[in-house]
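What follows is each chain in one-letter form.
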Amino acid sequence: MPGRISKLTLGLFRPQYTRYIVGRNSDGEATGGTLDWCPPKGSPTPRVNGRLRIATWNLENLHAQDGESTYTGDDPSVKRFTTDYERIRCYVRLFDPDILAVQEVDGAEALSRVVDTDVYSVYISTRPQSTAMNGKQNTGFAIRRGLTVQPQPEFQALVFVAMAVYAMLHASI
């Protein structure tokens, strides 16, 4: 049957790809390590034989700007710098997904820093967020450009149900 996924494969990172930061300087910028393990850029053309590789990644407060936290105050979120964005991009190339679902990104600009935009189209949720989320923890997708995609409107009913359940749970504590 055309368009049917014929095989699902799960994989893990190999240890040689996890040793990428030797340390951080006083500004929090990564030092040491190299990107010599980084694979070349992939192709926007979908895989053949009905295979579809799907990955998900919580990018933990991925801001669009170098050295910026999405949260500030007493407990600021992690700050990332150019080398950090490049390393994340290398990991995306390494597992080479057709569809990458992401969480906690500060919009399309942030996600575009960690995927090859000539290989992937970037889609970020437009749903309204609570003030506690500060508008910078969005969900989204990077989808291989050769795949046909029909973006759909946000399904607001689920958002309101989730907010109501959250309010009820926290009201009883």
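Criteria and cut-off values
- Residues numbered from 1 in each chain as written.
- Predicted model: local features only at pLDDT ≥ 70, side-chain atom pairs only at ≥ 80, totals over all residues.
- Heavy atoms only, no water.
- Salt bridge = Lys/Arg side-chain N within 4 Å of Asp/Glu carboxyl O.
- Helix = DSSP H or I, 4+ residues; strand = E, 2+ residues; numbered from the N terminus.
- Buried < 20%, exposed > 50% of the residue type's maximum accessible area, 1.4 Å probe, protein only.
- Phe/Tyr/Trp six-rings, centres within 6.5 Å; stacked < 30°, edge-to-face > 60°.
- Lys NZ or Arg CZ within 6 Å of the ring centre and 35° of its normal.
- Polar contact = N/O pair within 3.5 Å; in protein donor to acceptor, adjacent residues only side chain to side chain.
- Pairing = 2+ DSSP bridges.
- Axes fitted to C-alpha atoms, helices over the stretch in contact; angles between N-to-C directions.
- Contact = heavy atoms within 4.5 Å.
- Core = buried A, V, L, I, M, F, W, Y, C linked by side-chain atoms within 4.5 Å.

*Asks:* For the pattern of salt bridges, give the residues involved together with the corresponding values.
*Replies:* Any two side chains of opposite charge can pair if their charged atoms end up close together. On inspection of all chains with the given rule, the structure shows 8 salt bridges. Between D116 and R89 there is a salt bridge, with its nearest N and O atoms 2.8 Å apart. Here R89 lies in helix α1 (residues 82-95) and D116 lies in the loop between α2 (108-112) and β5 (120-124), a separation of 27 residues in the sequence. Taking the shortest distance from any N to any O, the salt bridge between D116 and R93 comes out at 2.8 Å. Placement of D116 in the loop between α2 and β5 and of R93 in helix α1 is noted, with a sequence separation of 23 residues between them. Residue classification places D116 among the buried residues on the basis of a relative accessible area of 6%. One salt-bridge network, in which partners are shared between bridges, spans R47, D96, D98 and R144.

*Asks:* How would you summarise the packing of aromatic side chains if you had to cite specific residues and measurements?
*Replies:* Tallied over the entire structure, the rule returns 3 aromatic pairs. Taking 5.1 Å as the distance between ring centres and 45° as the angle between the ring planes, the aromatic pair formed by W37 and Y91 counts as tilted. One end of the pair, W37, is in the loop between β2 (30-31) and β3 (54-62); the other, Y91, is in helix α1, and 54 residues separate them in sequence. Classification of W37 by relative accessible area gives buried; the value is 16%. Consider the rings of W57 and Y91, whose centres lie 6.3 Å apart with planes at 85°: the pair is edge-to-face. Taken as a pair, W57 in strand β3 and Y91 in helix α1 lie far apart in primary sequence, 34 residues in all. Among the residues examined, W57 registers a relative accessible area of 24% and is labelled partly exposed. Look at Y91 and you get buried, because its relative accessible area is 7%. Here the aromatic cluster, defined as three or more aromatic residues joined through ring pairs, consists of W37, W57, Y91 and F95. Lying across the ring of Y85, R113 places its NZ or CZ 3.6 Å from the centre.

*Asks:* Describe the side chain of Q137, with residues and values.
*Replies:* Structurally, Q137 can be placed in the loop between β5 and β6 (138-144). Overall, the relative accessible area of 12% leaves Q137 in the buried class. Among the polar contacts made by the side chain of Q137, one reaches the side chain of N61 at a distance of 2.3 Å. At a separation of 3.3 Å, a polar atom in the side chain of Q137 contacts the side chain of E104.

*Asks:* Account for the sheet that holds β5, with residues named and values stated.
*Replies:* With mixed pairing, 4 strands are arranged side by side in an open sheet as β3-β4-β6-β5. On the outer flanks of this sheet lie β3 and β5, each paired with one strand and no other. Neighbour-to-neighbour, the strand axes of this sheet turn through a mean angle of 20°, independent of strand direction. Docked against the sheet, α1 engages β3, β4 (99-105) and β5, running at close to 170° with respect to β3.

*Asks:* Tell me about the nonpolar core, and name the residues and values.
*Replies:* By size, the foremost hydrophobic cluster in this structure holds 21 residues, and its most contacted members are L59, L62, L100, L111, V114 and V115. Among the secondary structure elements, those contributing two or more residues to this core are β3, α1, β4 and α2. The element contributing the most residues to this core is α1, with 6 residues. The contacts of L62, once residues within four sequence positions are left out, are T70, R80, Y85, I88, E104, V105, D106, A110, L111 and V114.

The values are spatial; any link to function lies outside them.
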